[in-house]
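Coordinate inspection notes
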Amino acid sequence: MSRSNGLSLEPVEFTYEWYRQLLEQLVALGYETGSFEDPFEDGDLLLRHDVDLSPRKALEIGRIEAGLGLQSTYFFLVSNPLYNVFDAACRTVIDELIELGHDVGVHFSTHQYWSQRPSEDELLTRVNAERSALSLVTDDACEPVSFHCPPEWATDQPFDGFTSAYEPRFFSEATYVADSGQRWRRERPFEKRPSARIQLLTHPGLWGDSDLPYPERVTSGIAENVGYTERFLTGQLLEDEFEPPV
Ligand SMILES: [Zn+2]
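Thresholds applied
- Residues numbered from 1 in each chain as written.
- Predicted model: local features only at pLDDT ≥ 70, side-chain atom pairs only at ≥ 80, totals over all residues.
- Heavy atoms only, no water.
- Helix = DSSP H or I, 4+ residues; strand = E, 2+ residues; numbered from the N terminus.
- Buried < 20%, exposed > 50% of the residue type's maximum accessible area, 1.4 Å probe, protein only.
- Phe/Tyr/Trp six-rings, centres within 6.5 Å; stacked < 30°, edge-to-face > 60°.
- Lys NZ or Arg CZ within 6 Å of the ring centre and 35° of its normal.
- Core = buried A, V, L, I, M, F, W, Y, C linked by side-chain atoms within 4.5 Å.
- Contact = heavy atoms within 4.5 Å.
- Patch = residues over 30% accessible without salt bridge, like charges linked within 9 Å, V, L, I, M, F, W, Y side chains within 5 Å.
- Areas by Shrake-Rupley, 256 points an atom, 1.4 Å probe, with all protein chains shown as cover.
- Salt bridge = Lys/Arg side-chain N within 4 Å of Asp/Glu carboxyl O.
- Lys, Arg positive; Asp, Glu negative; His and termini not counted.
- Charge placed at Lys NZ, Arg CZ, Asp CG, Glu CD.
- Donors = N, O, S within 2.8 Å, 3.2 Å for Na, K, Ca; no water.
- Tetrahedral: all angles 85-135°; square planar, octahedral: opposite > 155°, others 65-115°.
- Axes fitted to C-alpha atoms, helices over the stretch in contact; angles between N-to-C directions.
- Parallel < 35°, antiparallel > 145°, perpendicular 65-115°, else oblique.
- Left-handed = near helix turned anticlockwise from the far one by under 90°.
- Nonpolar A, V, L, I, M, F, W, Y, C, P; charged D, E, K, R; others polar.
- Expected span 1.5 Å × (residues − 1).
- Arc of directions from axis to C-beta.

1. Quick notes on unusual backbone geometry
- For C149, which is not glycine, the phi dihedral falls at a positive 40 degrees.
- One non-glycine residue, Q182, lies in positive phi territory at about 55 degrees.
- Topologically, Q182 is positioned in the loop between β6 (175-178) and β7 (198-202).
- On the basis of relative accessibility, which here comes to 1%, the residue Q182 falls in the buried class.

If you want it as structure tokens, here you go:
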């Protein structure tokens, strides 16, 4: 049944199919997707994905969006212990997302560097270092950055030297809807009719072919990456055919 917000979203399921239907409904309301690098105008829908857990699922969702003719932005954690943007598997994901027409940028974790607010210079130095690192993975990385688990000081304000996905124009001055912690199970997305400009943030690792609660999804996402690392290193370091480096 269609609600007053123009969207039919019940029940919420964290499945690729549910996400695809959400996108189709937003498109039916007249929204068009775009890039964080373009002017943000009425009728624009910025699709943002913070890749905290699963590059593989980022690509699954990127293919769904491209199949619908939609453009999105994928922000990768350069500083994280779970996956490595320089690893061949992740580089392949990044290259394919870009080939599909999506943007790829840095998902910046302040928590790797500071427990309290840094100076603007310290922040810009680290952000630029991570952007430089990602530029070695792909020539086509986008300029904007999204903050990972943003501290209060990082939200709803602009910064010198880089575009933040949490700038007021993308955040408090737009309809900002995020799936963090699968919160849509408790508070429905788009409870009110969305405004003329939307930023929709989803985390690919929280979604799948079938629905799964948040703790299980996080646990399985970690296990998938750890399993990959284990197979990779076992093959290289322990199996008979492996020749150790000189
Ligand atoms: Zn994050």
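After that view of the structure, there is still more to cover.
2. Quick notes on the packing of aromatic side chains
- Applying the stated criterion to the full structure yields 23 aromatic pairs.
- One aromatic cluster is present, built from ring pairs that chain together F108, Y113, W114, F147, W153, F159 and F162.
- Its guanidinium or amino end placed over the ring of Y166, R48 lies 4.5 Å from that ring's centre, counting from NZ or CZ.

3. Quick notes on the nonpolar core
- Counting residues in each nonpolar core, the largest one holds 56 residues, and the members touching the most others are F76 and L200.
- Counting residues per element, this core draws most heavily on helix α1 (residues 16-28), at 6 residues.
- Residues contacting L200, with those up to four places away along its chain left out, are Y19, L22, L23, L26, L45, L46, L47, R48, V177, W184 and F190.

4. Remarks on a negative patch on the surface
- Together, D95, E99, D139 and D140 give the surface a local cluster of negative charge.
- Tracing the sequence through the fold places E99 in helix α3 (residues 88-99).

5. Concerning the pattern of salt bridges
- Using the criterion set out here, one finds 12 salt bridges in the structure.
- One salt bridge in this structure joins R48 and D50, with 2.7 Å as the shortest N-O distance. Side by side, R48 and D50 carry an identical accessibility label, which is buried.
- Two residues, R56 and E60, come together in a salt bridge whose shortest N-O distance is 3.4 Å. In this pair, R56 and E60 both sit in helix α2 (residues 55-67), 4 residues apart, roughly one turn of the helix.

6. Thoughts on the coordination of the zinc ion
- Protein-derived coordination of the zinc ion comes from D52 (OD), D52 (OD), H107 (NE2) and H148 (ND1), at a distance range of 2.1 to 2.6 Å.
- Each of the 4 donor atoms around the zinc ion contributes to a set of angles spanning 54 to 140 degrees, which defines the coordination as irregular.
- Taken in sequence order, the residues that donate to the zinc ion follow the motif D-x54-H-x40-H. Note that H107 is positioned in strand β4 (residues 103-108) and H148 in the loop between β5 (145-147) and β6, a separation of 41 residues in sequence. Across the pair, H148 and H107 agree in class, each one buried.

7. Notes on the environment of F36
- Among the secondary structure elements, F36 is positioned in the loop between β1 (32-33) and β2 (44-51).
- Residue class for F36 comes out buried when judged on its relative accessible area of 3%.
- Taking the C-alpha atoms as reference, F36 lies 9.1 Å from S72; in sequence the two are 36 residues apart.
- The contacts of F36, once residues within four sequence positions are left out, are L46, L47, R48, T73, F75, D103, P144, A165, F170 and Q199.

8. Some details on the packing of α2 against α3
- It is the contact of α2 with α3, at a shortest axis distance of 9 Å, that shows an interaxial angle of 15 degrees. In terms of their interaxial angle, α2 and α3 are classed as roughly parallel. Here α2 and α3 pass one another in a crossing that is left-handed. Taking contact as the criterion, the partners of P55, A58, L59, G62 and R63 in α2 are, on α3, C90, V93, E96 and L97.
- For the contact of α2 with α3, the per-class residue count stands at 6 nonpolar, 1 polar and 2 charged.

9. Considerations on helix α4 (residues 120-137)
- End to end, α4 covers 26 Å across 18 residues, agreeing with the expected 26 Å (1.5 Å per residue, within 8%).
- Buried within α4 are the following residues: L123, V127, E130, R131, A133, L134 and V137. Each buried residue of α4 lies within a common arc of 155 degrees when the element is viewed along its axis, so the set occupies one face. In α4, those exposed residues whose orientation departs by more than 90 degrees from the buried face are D121, T125 and L136.
- On the buried face of α4, the contacting elements are α3, β4 and β5.

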